[in-house]
Number of protein chains: 2
Amino acid sequence: LESGTFVDVKRMLNGLPPGDVAHLLESSTPRFRHILWKMVDLDNEGDIINELSDELRTHFLSDMDAAEVAQITEHLDDDDVADILQQLPEQVTREVLDAMDHQDRARLERVLHYPDDTAGGLMNTDTITIRARLTLDVVLRYLRRHEELPAMTDSLIVVNRNDRFVGLLPLRTLLVSDPSRTVREMMDTDVEPIPAYMPDDEVARLFERHDWVSAPVVDDDGQLLGRITIDDVVDVIREDADHSLTSMAGLEEDLDTFAPVFRTAQRRAIWLGLNLITAFVAASVINLFQGTIEKVVALAVLMPIVASMGGIAGTQTLTVLVRGMAMGQVSRSNGAWLINRELGVGILNGMLWATVVAVASSVWFEDWNIGMIIAAAMMINLVTAAFTGAALPLLLKRVNIDPALAGGVVLTTVTDVVGFVSFLGLATLFYG
Amino acid sequence: LESGTFVDVKRMLNGLPPGDVAHLLESSTPRFRHILWKMVDLDNEGDIINELSDELRTHFLSDMDAAEVAQITEHLDDDDVADILQQLPEQVTREVLDAMDHQDRARLERVLHYPDDTAGGLMNTDTITIRARLTLDVVLRYLRRHEELPAMTDSLIVVNRNDRFVGLLPLRTLLVSDPSRTVREMMDTDVEPIPAYMPDDEVARLFERHDWVSAPVVDDDGQLLGRITIDDVVDVIREDADHSLTSMAGLEEDLDTFAPVFRTAQRRAIWLGLNLITAFVAASVINLFQGTIEKVVALAVLMPIVASMGGIAGTQTLTVLVRGMAMGQVSRSNGAWLINRELGVGILNGMLWATVVAVASSVWFEDWNIGMIIAAAMMINLVTAAFTGAALPLLLKRVNIDPALAGGVVLTTVTDVVGFVSFLGLATLFYG
C-alpha cells in the first residue's frame, strides 16, 4: 500500500460500521488481518472487538493490558463488556474492574454474577423504568429529559416501588394512546419476565416464538435486573446452530475460518487421533476373520460397502436427533417414538438396499451366496445404525455428554464394527 | 382425554402464543399433532401456520380450500401471506388472491412479484411514512390518530413527494427530541435502504452487522416498497445455519423431526442410493488388487484405516469451507490462501498420524514394510483429503452446485478411492 492510499483506506475503514469491519477481519488472512487492525482507530476498537467471534477476540485482546481493555470497553453494553472480561485471565479482569468507576463496576458485577450462557449473562442493565400510576403525558415528558434512549428500546419497563417487575409499556402503545391515560391502563401485564438463570438457548426460543425485540430479566424475587435485546439473541441462535455443524466434524464452534496452519493442525489432530483409535478397533475386528478372507477375497472387496452404508444411515438419524434436540423438540416423552420411527425407516431402507446390494454383488461375483450374505449383513447394519443413531444421542444427553460432539465417533465405531462382524461372521459360518 | 379435560386443554391451547403452539406441533408425533390441530380455533390457525416450518405448513394447508386459506391469512403480514401462497398450487393461490379485496391483493402482488429468498419477498408493506418538512409535534399528533402501530416499528420512514426513501426517524429520537424541531433536522440519512432484489442471506448479514430491528426496502428507483423486520430475518438466519447441517447429511432443510416412517424412509433412500454407488466405485478399486490381498491378508485388515482417516480429515476441511462460505467469509481472493492452509494442515497431520500408524501397524503385524506402506498411503490420502475438502466446495460454488449437499459424497468417494489405490497400489509394487 502506498502512503497516500494508506490514509484513504484508513479513513474508509474507520468510517465503516463496526460489524462491517469485524466481518472484514473475520474474512481476512492472518497477515492482512494484522495490517487492517493496525489501521483501526482506538475509539473504534471496542465496538469492533465486540462484534468479533470468540477466537479472534481473544487473539486481539491478548496484546492489550488492563488499562487498554478498560478504555476500549468503556462505552459498550454491560453484557458485551462481561463477555469480553470472561475471556480474559482472572488477573486482568480484576484489574479492568478496578480501573472502572464505582457505578460501572457495580453494574458489571451484577452481570458477571451470572454464567454467560444464561439470561443473566446476556442482559444489559440500561433499562428505562417507569411507575404504573403515572400518566402517559408525564412519561413522555420524562423521556424528553433523556439525551437518548438505549438502543433497541421498544418498551418501557413498569416496576413497583420495590423495583419488582409489573408490566411493559410498548413505545408503540405510548405513541398512539391518549396522553391523559395512566400507565396502569395501557401497560401490557401478560408478559412473563425472564428468570436470570434461564439457559440462553431457551431465551432464544422465547424470543423467536414471541417475536420480541427486548425482554425484561428478573431475579428469583421478581426484582428487575435488566433486559435482553434481540441483537444478543441473534448471536445465540447463530452459535447454537453453528454448534451442531462444527461439533459433528470435531471442530470447535465459533472457529476462525482463517486461523494459521499450525494452530489449525493442532486442533484438528485430536479428532483425527480419536478416529484413528476407532479405526484400529474396526481393523482388529476384521483381523479376527483373516482365515475367511484368505479363502474368499471378494469379502475384502465388499466389506467396506456394508460398513459405509451403515455409517451414512446412522449419520442421517444422528443429525435429525441432534438437530431436534438443539431445537428443543425432543424430550423423554417422544424419544421412544423417534427410536421406533427410525427403526421402521432402517427396516424399510434395509430391505430396499439389501435387495439391490444382493443382486449387484451376486451378478458381479457370480455367486448367489455372497449376495445373500451381504444382504443379511446390510439389513443388520442399517437397523443397528438406525437404533444407535436415535438412542445414542438421547443416552448421551441424559449423562450430560454433548451428542453432537461424541455422537459421530461412537456411531461410526458401532456401524463399522457391526458391519464387519455381521458380514465376515456370516461369511465364516457359510464358507468357513 | 376425557371430555372435561378436553375443554380445558382446548382453552389452554388457544390461550398460548401462536409460536408456542407451533413449537408444540413441531415437537409432537403425527397422531398427537392431529389431535392438537383439531383443537385450535379457526381464528388462531393463520398465526400458528405462519410460525410452522415449511413441511408442516404444507401438510396442514393441503387440507384447506382457497376460501379457508383466504380467511385464516386475512390478518397476517404480507410477507407471511406471500410465503404461504408460494407453497400452494398455482390454482389455489389464484383463487385466494381473487377472494381478497382489491387493496390487499395489490399489496400482496407487490410482495409476490419478488422471489421469496430476496429482500422483496421478505418485506411487509405496512410502513408508516412521514415527510421531512413536518415538525415532530405534527408527527406525534399524526401517530396518535392511528389505532396501533405495526409490530416491530422502531423507526418512521421519511419519503419525499415521489415516495422515494429519504431517511429514517427512529422512535428513540422522536421521543427525546424537542417537538418543535423538524423531521429533516432529526432524521438519520446515513442508512442505506435495502434493494428489493438483494438475496435474503445478505439481508440477514446486514441486520446482524448493524443491529437493526427493521430496515426499508426500495426498488431500483429508490422508491419505497416496504420494510423488513428482524423476526423474519431471524428465520432466515436459522434456516441458513440449518441448511449446512442437514444438507451435509443428505437431509432436506427445514425438515419435520416427527415425519412418519414411510415419508422419512422414502426421502432418505435417495441419499443412501447415491452413497451405495460411490461405495461400489470404491469396492471396484479394491477388486483390482485381489491378488495382492490374497498374498498379504493384513492389507484387508488395515485398508479401511487409510480410507477412514482421509474421510475424517476431508470432512473437517469441507465443513470449515462450507461454513465459511455460508457466512460470506470466503471469496475468490482468499480461497487460494485457504487451499494452501489446508494443504499445510494436511501435511502436518499427515506426518504425525502416518508415523503413529506406521509404528502401530509394524508392531501389530511384525512387519516394518507394511508400516512404511501404510504411512506413505496415509500421507498421500490426508493431503488429498485436505486439497479436495478445500478446492471442491470452491469449485462447486463456481458452477452453482450447493457444496453442502454435493461436497460430502464427492469427497468421501475421492478419499476412499485414493485411500485404497495408494495403500493397495504401493503394497502391490512391494509385495506383488
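Quick caveat, the model's predicted, so the values are computed rather than measured.

Novice: Mind showing me how you'd approach the nonpolar core here?
Specialist: In this structure, A:Ile194, A:Ile228 and B:Ile228 are the most contacted members of the largest nonpolar core, which totals 121 residues. With near-sequence residues (within four places) excluded, A:Ile228 lies in contact with A:Ala119, A:Leu122, A:Met123, A:Ile194, A:Val203, A:Phe207, A:Val213, A:Ser214, A:Ala215, A:Val217 and A:Val233. Of all hydrophobic cores here, the second largest spans 85 residues; its members include A:Phe280, A:Ala307, A:Ala385 and B:Phe280.

Novice: What's the story with the interface of chain A and chain B in this structure? I'm lost.
Specialist: Taken together, the contact between chain A and chain B spans 116 residues of the former and 116 residues of the latter. With both sides pooled, the region where chain A packs onto chain B buries about 10,300 Å², and carbon together with sulfur makes up 68% of that total. Counting across the chain A and chain B interface gives 10 salt bridges. Measuring nitrogen to oxygen at the nearest pair gives 3.0 Å for the salt bridge that ties A:Asp20 to B:Arg209. Remark: the boundary between chain A and chain B carries 27 residue pairs in polar contact (both at pLDDT 80 or more). For the side of chain A that touches chain B, the residue count by class is 65 nonpolar, 30 polar and 21 charged.

Novice: Is there a simple way to explain the domain arrangement of chain A in this structure?
Specialist: Interfaces are often sized by the accessible area lost when the parts come together. Structurally, chain A comprises domain 1 (3-113), domain 2 (129-248) and domain 3 (261-431). Placing a centre on the C-alpha atoms of domain 1 of chain A and another on those of domain 3 of chain A gives a separation of 46 Å.

Novice: Sorry, what's going on with the packing of aromatic side chains here?
Specialist: Any pair of aromatic rings gets described here by the distance separating the centres and the angle formed by the planes. Taken as a whole and judged by the stated rule, the model has 14 aromatic pairs over all chains. On the numbers, 5.0 Å between centres and 65° between planes, the contact of A:Tyr114 with A:Tyr197 is edge-to-face. Placement of A:Tyr114 in the loop between α9 (102-112) and α10 (119-122) and of A:Tyr197 in the loop between β4 (194-195) and α14 (200-210) is noted, with a sequence separation of 83 residues between them. Counting every residue linked through ring pairs, the aromatic cluster contains A:Phe280, B:Trp364 and B:Phe365.

Novice: Can you help me understand the confidence of the model for chain A in this one?
Specialist: It should be kept in mind that the predicted coordinates are not to be read in detail where pLDDT is low. On average, residues of chain A score 92 in pLDDT, and 99% of them are at 70 or above. Looking over chain A, one finds the lowest element-wise mean pLDDT in helix α1 (residues 3-15) of chain A, namely 83, and the highest in β4(A), namely 97.

Novice: Quick question: what am I supposed to make of the layout of surface pockets here?
Specialist: One simple way to see leftover space: roll a probe sized like a water molecule over the atoms. All names here are of chain B. In this structure, the second largest pocket encloses a volume near 300 Å³. Every residue lining the second largest pocket is counted, 18 residues in all, and those nearest its centre are Gly250, Leu251, Glu252, Arg267 and Arg268. With 7 residues, helix α16 (residues 261-287) is the largest single contributor of residues to the lining of the second largest pocket. When grouped by side-chain class, the residues that make up the lining of the second largest pocket number 8 nonpolar, 3 polar and 7 charged.

Calculation rules
Residues numbered from 1 in each chain as written. Chains lettered and ligands numbered in written order. Predicted model: local features only at pLDDT ≥ 70, side-chain atom pairs only at ≥ 80, totals over all residues. Heavy atoms only, no water. Core = buried A, V, L, I, M, F, W, Y, C linked by side-chain atoms within 4.5 Å. Buried < 20%, exposed > 50% of the residue type's maximum accessible area, 1.4 Å probe, protein only. Contact = heavy atoms within 4.5 Å. Buried area = accessible area lost by both parts, 1.4 Å probe. Salt bridge = Lys/Arg side-chain N within 4 Å of Asp/Glu carboxyl O. Polar contact = N/O pair within 3.5 Å; in protein donor to acceptor, adjacent residues only side chain to side chain. Nonpolar A, V, L, I, M, F, W, Y, C, P; charged D, E, K, R; others polar. Domains from an automatic or database assignment. Phe/Tyr/Trp six-rings, centres within 6.5 Å; stacked < 30°, edge-to-face > 60°. Helix = DSSP H or I, 4+ residues; strand = E, 2+ residues; numbered from the N terminus. pLDDT = per-residue confidence, 0-100. 1 Å grid on protein atoms, 1.4 Å probe; cavity = no way out; pocket = protein on both sides within 12 Å on 5 of 7 lines; lining within 4 Å. Points joined across faces, edges and corners; volume = space filled by probe spheres on them.

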